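Residue strings, one per chain:
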Amino acid sequence: MVNSSLLTVNDLRFERDDIPVINGACLTLNVGEILQIEGPNGSGKTTLLRILTTALQPSGGEILYRGQILSECRFDYLSNILFLGHQSALKLTLTAEENLSWTTSELPGSVSIMEALEQVGLRGYSDVPCHKLSEGQQRRVALARLLVTNAEVWFLDEPFSALDKQGVQFVEQCMERHVKGGGAVMLTTHQPIGMEPVRRYSLVGSSVGGGF
Amino acid sequence: MPESNRGFSAYFRRDLLLAYRRRGEVASPIIFFVMVATLIPLGITPEADSLKELAPGTIWVMALLATLLSAEGLFVSDYKDGSLEQLLISPNMLVMPIFGKVTAHWITTGLPLTLASPLIGLMLSLPSVAYLPMMAGLALGTGCLSFLAAIGAALTVSLQKGSLLLTLIVMPLYMPIIIFGSAVMQYSIDGMAWSGPLAILGAMLAVAIALCPLAIAAVLRLITIN
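Residues numbered from 1 in each chain as written. Chains lettered and ligands numbered in written order. Predicted model: local features only at pLDDT ≥ 70, side-chain atom pairs only at ≥ 80, totals over all residues.

Under an unreviewed UniProt entry, the name given to chain B is Heme exporter protein B, and the source organism is SAR92 clade bacterium. Word for word, the UniProt comment on chain B under Sequence similarities (unreviewed entry) is "Belongs to the CcmB/CycW/HelB family." Regarding chain B, the UniProt comment filed under Function (unreviewed entry) reads as follows: "Required for the export of heme to the periplasm for the biogenesis of c-type cytochromes." (UniProt positions renumbered as here; feature names shortened; annotations may be inferred.)

As a further point, take the UniProt feature "transmembrane region" (unreviewed entry) in chain B. Residues and elements named next belong to chain B. Per the UniProt record, the feature "transmembrane region" (unreviewed entry) sits at residues 26-45, 57-77, 98-124, 130-157, 164-187 and 199-223. For residues 98-124, the helix share is 93%, the strand share is 0%, and the end-to-end C-alpha distance is 36 Å. Between the C-alpha atoms that bound residues 164-187 there is a distance of 33 Å. The span itself is 100% helix and 0% strand. (Helix = DSSP H or I, 4+ residues; strand = E, 2+ residues; numbered from the N terminus.)

Right, let's get into the confidence of the model for chain B. Across chain B, the average pLDDT comes to 89, with 97% of residues at 70 or higher. For chain B, helix 1 (residues 2-21) of chain B is the element with the lowest average pLDDT, namely 80, and helix 8 (residues 131-155) of chain B is the one with the highest, namely 94. (pLDDT = per-residue confidence, 0-100.)

Before going further, it helps to spend a moment on the interface of chain B and chain A. If you look at the interface, chain B gives 18 residues, while chain A gives 22 residues. For the side of chain B that touches chain A, the secondary-structure elements that each account for two or more residues are helix 1, helix 5 (83-88) and helix 10 (195-225) of chain B. In terms of residues, the side of chain B that touches chain A owes the most to one element, helix 1 of chain B, which gives six residues. (Contact = placed C-beta atoms within 7 Å.)

We now examine the pairing of strand 1 (residues 5-16) of chain A. Residue and element names in this part refer to chain A. Pairing geometry for strand 1 and strand 2 (residues 19-30), over nine bridges, is antiparallel. Bridge assignment links R13 to a residue of strand 2, and that residue is N23. Here strand 1 hands over to strand 2 after two residues, with D17 in that stretch at a positive phi of 50°. Of the pairings in the sheet, the one linking strand 1 to strand 4 (residues 60-65) comprises five bridges and is antiparallel in character. Pairing of T8 across the sheet is with L64, part of strand 4. (Pairing = 2+ DSSP bridges.)

Our focus in this paragraph is the sheet that holds strand 5 (residues 68-69) of chain A. Residue and element names in this part refer to chain A. In spatial order, the strands read 2-1-4-5; together these four strands make up an open sheet with antiparallel pairing. Each edge of the open sheet is held by one strand with a lone partner, namely strand 2 and strand 5. Here helix 1 (residues 45-52) sits on the sheet and contacts strand 1, strand 2 and strand 4; the angle it forms with strand 2, its principal contact strand, is near 60°. (Axes fitted to C-alpha atoms, helices over the stretch in contact; angles between N-to-C directions.)

Here the focus is helix 6 (residues 95-108) of chain B. Spanning 14 residues, helix 6 of chain B covers 20 Å between terminal C-alpha atoms, matching the ideal 20 Å at 1.5 Å per step. Along helix 6 of chain B, the residues classified as buried are M96, P97, I98, F99, G100, K101, V102, T103, A104, H105, W106 and T108 of chain B. (Expected span 1.5 Å × (residues − 1). Buried ≥ 20, exposed ≤ 12 C-beta atoms within 10 Å, placed from the backbone.)

All names here are of chain A. Located in the positive-phi region is T54, a residue other than glycine, with phi close to 65°. Summarising the element assignment, T54 is placed in the loop between helix 1 and strand 4. Located in the positive-phi region is E158, a residue other than glycine, with phi close to 50°. Structurally, E158 is set in the loop between strand 7 (153-157) and helix 7 (165-180). According to the C-beta neighbour criterion, E158 is partly exposed, with 19 such atoms within 10 Å.

Here we come to the packing of helix 8 of chain B against helix 10 of chain B. All names here are of chain B. Close contact between helix 8 and helix 10 brings their axes to 9 Å; oriented N to C, the two are set at 15°. Taken together, the axis directions place helix 8 and helix 10 in an arrangement best described as roughly parallel. As for how helix 8 packs across helix 10, the hand of that crossing is left-handed. Along the lines of polarity and charge, the residues of the contact of helix 8 with helix 10 split into 21 nonpolar, four polar and no charged. (Parallel < 35°, antiparallel > 145°, perpendicular 65-115°, else oblique. Left-handed = near helix turned anticlockwise from the far one by under 90°. Nonpolar A, V, L, I, M, F, W, Y, C, P; charged D, E, K, R; others polar.)

Residue and element names in this part refer to chain A. Taken in spatial order, the five strands make up an open sheet running 6-7-8-3-9, and their pairing is parallel. The sheet is open, and its two edges are formed by strand 6 (81-84) and strand 9 (198-202), each paired on a single side. Sheet twist, expressed as the average angle between the axes of neighbouring strands with direction ignored, equals 15°. Taken together, the five bridges between strand 3 (residues 34-38) and strand 9 define a ladder with parallel strand orientation. Following the sheet pairing, I34 is matched in strand 9 by V198. Packing of helix 7 onto the sheet brings it into contact with strand 3, strand 7 and strand 8 (184-188), and relative to strand 8 it is tilted by some 145°.

On to the pairing of strand 6 of chain A. Residues and elements named next belong to chain A. Where burial is concerned, the two faces of strand 6 agree: the one with I81 and F83 and the one with L82 and L84 are both buried. Bridge count for strand 6 against strand 7 is four bridges, and the pairing is parallel. The residue of strand 7 that forms the bridge with L82 is W154.

Written out as structure tokens, the structure is:
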């Protein structure tokens, strides 16, 4: 094995309207690792995740997946990632079960949708339209995707927002199980994470402004 | 290819289910179509001879406006709730899910418009020979309208108030469809063979099915990548 790292990012740059948002980020994500992206508001945490999930095109730099340039193994890479963003990608008029079934229909997951909903504490809510659920419950529906996915790399953008204590614990357990099973997680959060194998990467805010 | 089929059917079924859940919203363009057509005999003239002249153009203009009314929401809600982003980062081809979405849009607008059109034909005292050509033309023509409107909807997806711009972008593209669509009806009213313009409508639909999903996929990538 030449390269044990799952994801390597070299000198990644991103500019929005000629203003640099990410200026030469270098990081690696290894198997079995949880990487927490830190940084003040506006330092480009979400942007970084969106670039790594190929939703945004970087202005420069390279991204390697298992030592291969991303554009050469795009299908392979995209089949192996999961992205949970600020926006939960839930259809509010659909029920929790329907929401999960269309996002995950392609995955022969080990956990059924009903089991997943039960594990996130939404037993008995599977046929309630999502707009009747509370914010935190909707978040839990979105997080239930973590249980039904087979993806290797998870990108979680602020996964703890709107969650109560048990919810946070649940996400932590999910991440722990995932990295023990050979996966990797990259997440952004302002909350301290109460678990062990977390590595941190700090994004410095862009050089403009910087009034604090 | 089972992979691409799944992309089509997953989004096709999801959009139909979404439309079913908000039936009232989906029905309003059809109600608009019927109501505006009712105003023509009231506002212009109830005389059968003059109405017969107006009917083809009126029906097609109404069908066009009704499709535009419903097209704006085609990608906007997906864009806002993040499911468009999930679609864009999925490993499979974008074209099939988009094809599924546009087909679902046609089933919820073009098809009901086609089925409601005899009612309008009755109000505009359309001669009975023109009913079949009208429905055949609308079935094919509204398919083209849905595909073209979807390009406009994709172009304006990130705008706050995109509906007017969407109309301005799409309207010129609608012109050939409206010309041949009303020609189908006019020919049948005049007692001529109407299969010619109908075949052209069919050809336009075939081209739209082949090319529009590609254009929409390219536009969505371009718009969300910035």
